[in-house]
Amino acid sequence: MPALLMRDVRFKYRGSSDYALDRVSLEVEKGEFVTILGANGSGKSTVCLLANGLIPHAVPGDLEGKIEVFGEDTSKSTVAGLSARVGIVFQEPESQLFCMSVEEEVAFGPENLGIPRHEIRERVEWALELVDMKGYNERSPFSLSGGQKQRVAIAAALSMHPEMLVLDEPAYALDPVGRIGLYSVLRELRGRHGTTVLLAERDAEEAAAFSDRIVIMNKGRVVQTAPPREALCSPDNLRGMGIQPPQVSEIASLLNSRLSTSRYSFLNVEEAESTIAREIFKKKGRSAR
């Protein structure tokens, strides 16, 4: 049973003449880290809203096709019911934060589930420690930096102990250090706790390093599903769809062009450095002979 199953899904927001999703099929297995890459308007945010039932229960529109979350038909469930299994984090953390303190924010979800108070305290401390926000319990969420607010929003989702975490461009407003911290948290969740992660992004830099699979969307359709090395090997194609390719993919493309080959693809700076150093060493060796 996959964490998320979509079959021939079409969705059109109320008042729109165009389909935000057009015959989209997608599977996310339990424990996978899957990144959806796409420009604004590609449909990736709509997939996120479908994955936790906000579509069709809270966001009106015309929906066709099959959507199941952990085997449950989302059209027959409720947002409240799905929230116990699927946590969602939006691009702007302010849209999710409304309590007077960080502790109240993180405790809000479990309290609404009727979790015993002692267990709520344990969940709050666990979630805050995981996102490196321990000790901020009494602070107002609105006094925090953008990266800290996003960590609190993630902690609030984690306190529900979701089986799947859905994030819609959560690192958009963060600086490089904040982005690295955020993705480190997500990797730890997946590695230590088996949490399924579905991440929507338009910048492929971190996707290459953290994902098991990348789903590329363009104009409401899935155009490719592949491991990162394969999905990110054509920077020109990515740019043509409004996706910023990783710098290491640009380097690999340039190296392939210069050496008249197609064998190079990099997922990180270390791979690129070692390969380029090796090529330079070969070139110097040939020149010496």
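Predicted, not measured: the structure shown is a model, and the values here were computed from it. (Residues numbered from 1 in each chain as written. Predicted model: local features only at pLDDT ≥ 70, side-chain atom pairs only at ≥ 80, totals over all residues. Heavy atoms only, no water.)

A. Just the environment of E201, in detail. Turning to its location among the elements, E201 is positioned in strand β8 (residues 196-201). Accessibility expressed as a relative area gives 2% for E201, which makes it buried. Separated by 157 residues in the primary sequence, E201 and K44 place their C-alpha atoms 8.0 Å from one another. Among residues more than four places away in sequence, those in contact with E201 are T35, I36, L37, G38, K44, E169, A171, R179 and Y183. (Helix = DSSP H or I, 4+ residues; strand = E, 2+ residues; numbered from the N terminus. Buried < 20%, exposed > 50% of the residue type's maximum accessible area, 1.4 Å probe, protein only. Contact = heavy atoms within 4.5 Å.)

B. Geometry of the pattern of salt bridges. Scanning the model with the defined rule gives 14 salt bridges in all. When the shortest N-O distance is used, the salt bridge between E163 and R85 registers 2.6 Å. With E163 in the loop between α6 (146-158) and β7 (164-168) and R85 in the loop between α3 (79-83) and β6 (86-89), this residue pair connects regions lying 78 residues apart in the sequence. Assessed through its relative accessible area of 32%, E163 is described here as partly exposed. Looking at R85, the relative accessible area reads 25%, which means it is partly exposed. Between K149 and E94 there is a salt bridge, and its shortest N-O distance comes to 3.1 Å. On the criterion of sequence distance, the pair formed by K149 in helix α6 and E94 in the loop between β6 and α4 (102-112) is long-range, its members being 55 residues apart. What you see here is one network of salt bridges that share partners, running through R10, D22 and R221. (Salt bridge = Lys/Arg side-chain N within 4 Å of Asp/Glu carboxyl O.)

C. Region of interest: the nonpolar core. The biggest cluster of nonpolar side chains holds 33 residues, and the ones touching the most others in it are V106, I154, L158, L165 and L167. Going through the elements one at a time, α4, α5 (117-130), α6, β7, α7 (176-193) and β8 are the ones with two or more residues in this core. Here the element with the most residues in this core is α6; it accounts for six residues. Sequence-distant contacts of V106, that is, excluding residues within four places in its chain, are made with V124, A127, L128, V152, A155, A156 and S159. Within the second largest apolar cluster, 30 residues are counted, among which are I88, M164, V166 and M217. (Core = buried A, V, L, I, M, F, W, Y, C linked by side-chain atoms within 4.5 Å.)

D. Main features of α5. Under the 1.5 Å per step criterion, the end-to-end length of α5 is 20 Å for 14 residues, consistent within 8% with the ideal 20 Å. For α5, the set of buried residues is I120, R123, V124, A127, L128 and L130. One face of α5 carries all of its buried residues, which in axial projection span an arc of 160 degrees. Positioned one or two residues after α5, D132 has a phi angle of 60 degrees, which is positive. (Expected span 1.5 Å × (residues − 1). Arc of directions from axis to C-beta.)

E. Representation of the pairing of β8 in the model. Burial analysis of β8 places six of its six residues in the buried class, the great majority of the element. Burial along β8 is two-sided: the residues T196, L198 and A200 and V197, L199 and E201 are all buried. Direction of pairing for strand β3 (residues 33-37) relative to β8: parallel, over a ladder of five bridges. Among the inter-strand pairings, I36 is bridged to a residue of β8, identified as A200. As paired strands, β7 and β8 are joined by five bridges and run parallel to one another. For V166, the partnering residue across the bridge sits in β8 and is L198. (Pairing = 2+ DSSP bridges.)

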